[in-house]
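Report on the structure
Here's the letter readout for the chains.
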Amino acid sequence: MIEKINAIKETFEKEVSQITDMKILNDIRVEYLGKQGKVTELSKLMKEVPNDKKKEFGILVNEVRMLVTNSLDEKKKELEEKDLNKRLANEKIDITLPATTLSNGAPNILEKTIEDMENLFMSMGYDVIEGPEIEQDLYNFELLNLPKGHPARDSQDTFYLEGDKILLRSHTSPVQARTMLEGKGEKPIRMVCPGKTYRRDDDDATHSHQFMQIEGLLIDEKVTLSDLKGTFDVAAKHLFGEDCVTRFRPSYYPFTEPSVETDISCFSCKGKGCALCKNTGWITISGAGVVNPKVLEMCGYDPKKWHGFAFGFGLERVAMLKYGINDIRTFYQTDLRQNKVFDRKEDN
Ligand code: DAH
């Protein structure tokens, strides 16, 4: 009997030393400790052992059971540790590797120009408002002193939608008329209105059938052309730098009297003359003027009491000049790389 026990111990020890994975370990556990395992079978022999040897036999069988159980537990621990170390080695992170870069978005350059101008005018007390893109002939032309048959209508080759009454606004100036009518001739106005405008233009590098303007209107009791000049000067310096010089040239718009073209000194050649300013040293960036008394009157403001000035910037033109873009189509091609280039230029 004792020999049998020793033989079991011996083979167990040999088998344990050869365990290389959990599967083998579990098989051996069943082989020795399972229902029909070698150690379990040994216990069953107890009944055949003479009474005076039972105690000694019991102790020996127990010793084998302990040996098998402890050795297998130890081996299990060892295997688990080995496994963990292997996993840790495999999952080692090289913290010296360069990080993956997250690609950031960048604002659309036109949107950015609008925001910039809105903020500037808001800082001078202007409201930012919007008007409809589908407009009535009444606001787009009539109330701006452009009655039917007026020759200046031809310069704004307009998209009509229904007969001759509904159209896509050809400029943001109708918002002037709307704001004045809303003010009911009673209160001063300071507003800017950025928005899309439409004309039957062929699309090329400098023209687009859809483009943007930012309109401005100021109405108060004592307003003169020199207030417009001062305001334009502040805006031009804000947009193109402190050394930007401005000038007004006489012009004609039916809704302003007098009317002007507003120029800035060419920031590229500093006035010497170059391709950008067509050798004139000056660049035109908006139309403007003192609000025509006829318009004030039609829109409910008494011209004896109220005066005002108005202006209209071409937004793409401002952005093209500011960011050195030479094709208006750039704004509408949604090429994210372009936005990023301009965004970076801005930061530097
Ligand atoms: N609406 C004009 C255009 O689209 C621009 C303009 C000129 C707007 C003079 C004004 C202004 O408010 O006073 O050509």
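Attention here is on the structure that accompanies the text. (Residues numbered from 1 in each chain as written. Predicted model: local features only at pLDDT ≥ 70, side-chain atom pairs only at ≥ 80, totals over all residues. Heavy atoms only, no water.)

A tally of helices and strands in the protein yields eleven helices and ten strands. Taken over the C-alpha atoms alone, the protein extends approximately 135 × 45 × 40 Å along its principal axes. Relative to its full complement of 348 residues, the protein shows a buried share of 41%. Sequence separation of 24 or more characterises 66% of the internal contacts of the protein that already satisfy a separation of 6 or more. Charge-centre separation for the protein: the mean point of 50 positive side chains lies 5 Å from the mean point of 58 negative side chains. (Helix = DSSP H or I, 4+ residues; strand = E, 2+ residues; numbered from the N terminus. Buried < 20%, exposed > 50% of the residue type's maximum accessible area, 1.4 Å probe, protein only. Contact = heavy atoms within 4.5 Å. Lys, Arg positive; Asp, Glu negative; His and termini not counted. Charge placed at Lys NZ, Arg CZ, Asp CG, Glu CD.)

This next bit is on the layout of surface pockets. Empty space among the atoms becomes visible once a probe the size of a water molecule is rolled across them. By volume, the second largest pocket is sized at about 210 Å³. In terms of lining, the second largest pocket is formed by Asp-127, Ile-129, Glu-130, Arg-178, Thr-179, Glu-182, Gly-183, Lys-187, Pro-188, Ile-189, Arg-190 and Met-191. When contributions to the lining of the second largest pocket are tallied by element, the ones reaching two or more residues are α7 (174-183) and β5 (189-198). In terms of residue count, α7 provides more of the lining of the second largest pocket than any other element does, four residues in total. Each residue belonging to the lining of the second largest pocket can be placed in one class, and the counts come to four nonpolar, two polar and six charged. (1 Å grid on protein atoms, 1.4 Å probe; cavity = no way out; pocket = protein on both sides within 12 Å on 5 of 7 lines; lining within 4 Å. Points joined across faces, edges and corners; volume = space filled by probe spheres on them. Nonpolar A, V, L, I, M, F, W, Y, C, P; charged D, E, K, R; others polar.)

Bringing empty space enclosed by the protein into the picture now. Evaluated as defined, the whole model comprises one cavity of 30 Å³ or more. Its boundaries defined by the atoms lining it, the largest cavity holds a volume of some 50 Å³. Taken together, Phe-121, Leu-228, Thr-231, Phe-232, Ala-235, Thr-262, Ser-286, Ala-288, Phe-311 and Phe-313 make up the lining of the largest cavity. Contributions of two or more residues to the lining of the largest cavity are made by α8 (225-240), β9 (282-291) and β10 (307-314). At four residues, the largest contribution of residues to the lining of the largest cavity is made by α8.

This next bit is on the packing of aromatic side chains. What the rule picks out here adds up to eleven aromatic pairs. Ring geometry for Phe-240 and Phe-267: centres 5.3 Å apart, planes at 5°, overall stacked. Highlighted residues: Phe-240 in helix α8 and Phe-267 in the loop between β8 (256-265) and β9, separated in sequence by 27 residues. By relative accessible area, Phe-240 is classed as buried at 12%. On the basis of relative accessibility, which here comes to 26%, the residue Phe-267 falls in the partly exposed class. An aromatic cluster of three or more residues is present, and its members are Phe-121, Tyr-126, Phe-232, Phe-248, Phe-309, Phe-311 and Phe-313. Cation over ring: Arg-178 sits above Tyr-139, and NZ or CZ is 4.0 Å from the ring centre. (Phe/Tyr/Trp six-rings, centres within 6.5 Å; stacked < 30°, edge-to-face > 60°. Lys NZ or Arg CZ within 6 Å of the ring centre and 35° of its normal.)

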